[in-house]
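Close look at the chain arrangement
Given next are the chains, with one letter for each unit.
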There are 2 protein chains.
Amino acid sequence: MEQLINYITSKISLSPEAKDYIYSISKKRIVEKGAVLICEGQKVNKIFFVTEGCLSSYCTDEVGREHTLQFAIKNWWISDYIAIYNNERSQLTVESLKKSQVIEFSTQGLEDLLIKFPEFEVFQRNNLERHLVSLQKRILNQLQLSASERYDVFVQQYPDIESFTPNYHIASYLGITQESLSRIRFDRGKK
Amino acid sequence: MEQLINYITSKISLSPEAKDYIYSISKKRIVEKGAVLICEGQKVNKIFFVTEGCLSSYCTDEVGREHTLQFAIKNWWISDYIAIYNNERSQLTVESLKKSQVIEFSTQGLEDLLIKFPEFEVFQRNNLERHLVSLQKRILNQLQLSASERYDVFVQQYPDIESFTPNYHIASYLGITQESLSRIRFDRGKK
DNA sequence: CGAAGAAATTGATGTATGGTAAAAAATTTA
DNA sequence: TAAATTTTTTACCATACATCAATTTCTTCG
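Criteria and cut-off values
- Residues numbered from 1 in each chain as written.
- Chains lettered and ligands numbered in written order.
- Predicted model: local features only at pLDDT ≥ 70, side-chain atom pairs only at ≥ 80, totals over all residues.
- Helix = DSSP H or I, 4+ residues; strand = E, 2+ residues; numbered from the N terminus.
- Rg over C-alpha atoms; globule rule 2.2 N^0.38 Å.
- Buried ≥ 20, exposed ≤ 12 C-beta atoms within 10 Å, placed from the backbone.
- Contact = placed C-beta atoms within 7 Å.
- Near = placed C-beta within 6 Å.
- Least-squares fit on C-alpha atoms with pLDDT ≥ 70 in both.
- Core = buried A, V, L, I, M, F, W, Y, C linked by C-beta atoms within 7 Å.
- Pairing = 2+ DSSP bridges.
- Axes fitted to C-alpha atoms, helices over the stretch in contact; angles between N-to-C directions.
- Nonpolar A, V, L, I, M, F, W, Y, C, P; charged D, E, K, R; others polar.
- Parallel < 35°, antiparallel > 145°, perpendicular 65-115°, else oblique.
- Left-handed = near helix turned anticlockwise from the far one by under 90°.

A look at the overall build of chain A
The secondary structure content of chain A amounts to 8 helices and 8 strands. Its C-alpha atoms give chain A a radius of gyration of 18 Å, within 12% of the compact-globule value 16 Å for 191 residues. Dimensions of chain A along its principal axes, counting C-alpha atoms only, are 60 × 35 × 30 Å. Every one of the 191 residues in chain A was classed for burial, and the buried ones make up 34%. Residue pairs at least 24 apart in sequence account for 69% of intrachain contacts in chain A once pairs closer than 6 positions are excluded.

Laid out in structure tokens, this is it:
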């Protein structure tokens, strides 16, 4: 919890009232590996801030293949923004990839926070900008890099996710099959 | 210009002072087909709001291939957000794909606007959320759809871009070659 | 209008990655 | 620790899409 406040105050200054309000709309949760925080078909009314560990969001297509939209590590937010923005039910699953610590917010609570404490908008805008830039970079990578090069970028960006996540999550983030990822790794060993 | 104001007031209410301020930091520009508004290697200090026509942003890799990050049509914003956010020089080119009308803002002007008129934050957040959601959807499409299916989505989303844009821009948005796009189109004709 | 240039198509062939299935390795659980 | 389960690897073959090059069609503009 403290970590969230630290993170926020590293970006904006926070009045005691705002701080109290944040406490009132959020709660700390420890989630076990494999725990599902948002699941497909549900209404989405939660947003999570990760203080420890790693979560992911992914969708499952008709053939049952998973496609990972996001890995959320320390200091990142995760939810199903598509569903929230369009006021739809979730097509995504948000799942904890290892034992993690998150701060849970209700979407309503966050909205109220922004209304009651407009100074929070600056913080929120910063988050959105950062997120947007990371998505744009990912799209450019997807367009111009080979699977192997994308894997390089991934490893740089998330150096330790491999250590606790099955291959297929990573593969599904890169847009390839687990077998292909396995082959890419094999080829590395040769050089 | 009026169209921008209309667009803004459809989302938030705008004080006369705020309105004046917006006028003071922006200017209307007519840009010809092929005009380059931001080019690779430059400092980025402009953001454009499209009121008419269509612009695109793309990067060019070492081999000279173009990769389209965004098409911006009416009521969308376009710039090189990656460069702005990271305070780097642009890796993107922003170009007009047909004769268009845009409102040009300086990044500094927009920042000042947000400071002077915090009510504008809500509007800005809305834009960012919309943009973010569209990027997330695109990533999910890229991960799970075939080239042909992505083309379907593209046509739905931008029904008339084909009528004025060379194929290769579209192909480079979809992440395929112009030849592949041509074949996809050909296959359509057969059914 | 007609020539020059740009864009789109088409064919032949190449390559990266996918699919399937079986075996091996690692991890979890009893 | 052994059995069960999950994950990874490997082999073989399939396919979507890329590449290259030639040709045709469409635009632009003198």
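Quick look at the protein's contact with DNA strand C
Of all residues adjacent to DNA strand C, which total 16 residues, the nearest are A147, I176 and S180 of chain A together with N167 and S182 of chain B. For the surface near DNA strand C, the secondary-structure elements that each account for two or more residues are α6 (147-157) and α8 (178-190) of chain A together with α8 (167-174) and α9 (178-190) of chain B. Sorting elements by how many residues they give to the surface near DNA strand C places α9 of chain B first, with 6 residues.

Here we look at the environment of F71 of chain A
Residue and element names in this part refer to chain A. The topology assignment puts F71 in strand β5 (residues 66-72). Assessed through the 22 C-beta atoms surrounding it within 10 Å, F71 is described here as buried. In this structure, the C-alpha to C-alpha distance between F71 and R130, residues 59 residues apart in sequence, is 14 Å. Other than its neighbours up to four places away in sequence, F71 contacts C54, S56, Y158, I161 and Y173.

As for the relation of the copies chain B and chain A
Superposing chain B onto chain A takes a rotation of 180° combined with a translation of 0.0 Å along the rotation axis, leaving an RMSD of 0.0 Å. A rotation of that kind, with that shift, is consistent with a two-fold axis. Comparing interface residues between copies, 100% of those in chain B also sit at the interface in chain A, which points to an isologous, same-surface contact.

Quick look at the nonpolar core
Among the nonpolar cores identified, the biggest contains 83 residues, and F48 and L55 of chain A together with F48 and L55 of chain B are the most heavily contacted of them. Apart from the residues within four sequence positions on either side, F48 of chain A is in contact with L37, L55, W77, I78, S79, V102, I103 and E104 of chain A.

Description of the sheet that holds strand β3 (residues 46-52) of chain A
Residues and elements named next belong to chain A. Read across the sheet, 4 strands follow the order β1-β8-β3-β6 without closing on themselves; strand pairing throughout is antiparallel. In this open sheet, the two edge strands, each paired with only one partner strand, are β1 (26-31) and β6 (77-78). Pairing of β1 with strand β8 (residues 100-106), which is carried by 6 bridges, proceeds in the antiparallel orientation. Residue V31 lies in a different strand from β8, and its bridge partner there is S100. Where helix α4 (residues 107-116) meets the sheet, its contacts fall on β1, β3 and β8, and the angle it forms with β8 comes to roughly 65°.

Points about the interface of chain B and chain A
On the side of chain A, 26 residues touch chain B, which itself brings 26 residues to the contact. Per element, the largest residue contribution to the side of chain B that touches chain A is 17 residues, and it comes from helix α5 (residues 120-144) of chain B. Its residues assigned to classes, the side of chain B that touches chain A shows 13 nonpolar, 7 polar and 6 charged.

Quick look at the protein's contact with DNA strand D
Residues in close proximity to DNA strand D total 16 residues, the closest being N167 and S182 of chain A together with A147, I176 and S180 of chain B. Listing elements by their share of the surface near DNA strand D, those giving two or more residues are α7 (167-174) and α8 of chain A together with α6 (147-157) and α9 of chain B. If one sorts the elements of the surface near DNA strand D by residue count, α8 of chain A sits on top with 6 residues. Of the residues belonging to the surface near DNA strand D, the class tally is 5 nonpolar, 7 polar and 4 charged.

Thoughts on the packing of α6 of chain A against α7 of chain A
Residues and elements named next belong to chain A. It is at 10 Å that the axes of α6 and α7 come closest, and there the two elements cross at 115°. Classified by the angle between their axes, α6 and α7 sit roughly perpendicular to one another. Here the hand of the crossing between α6 and α7 comes out right-handed. On the side of α6, the interface is formed by A147, R150, Y151 and F154, while α7 contributes I170, Y173 and L174. Here the contact of α6 with α7 is built from residues that sort into 6 nonpolar, no polar and 1 charged.

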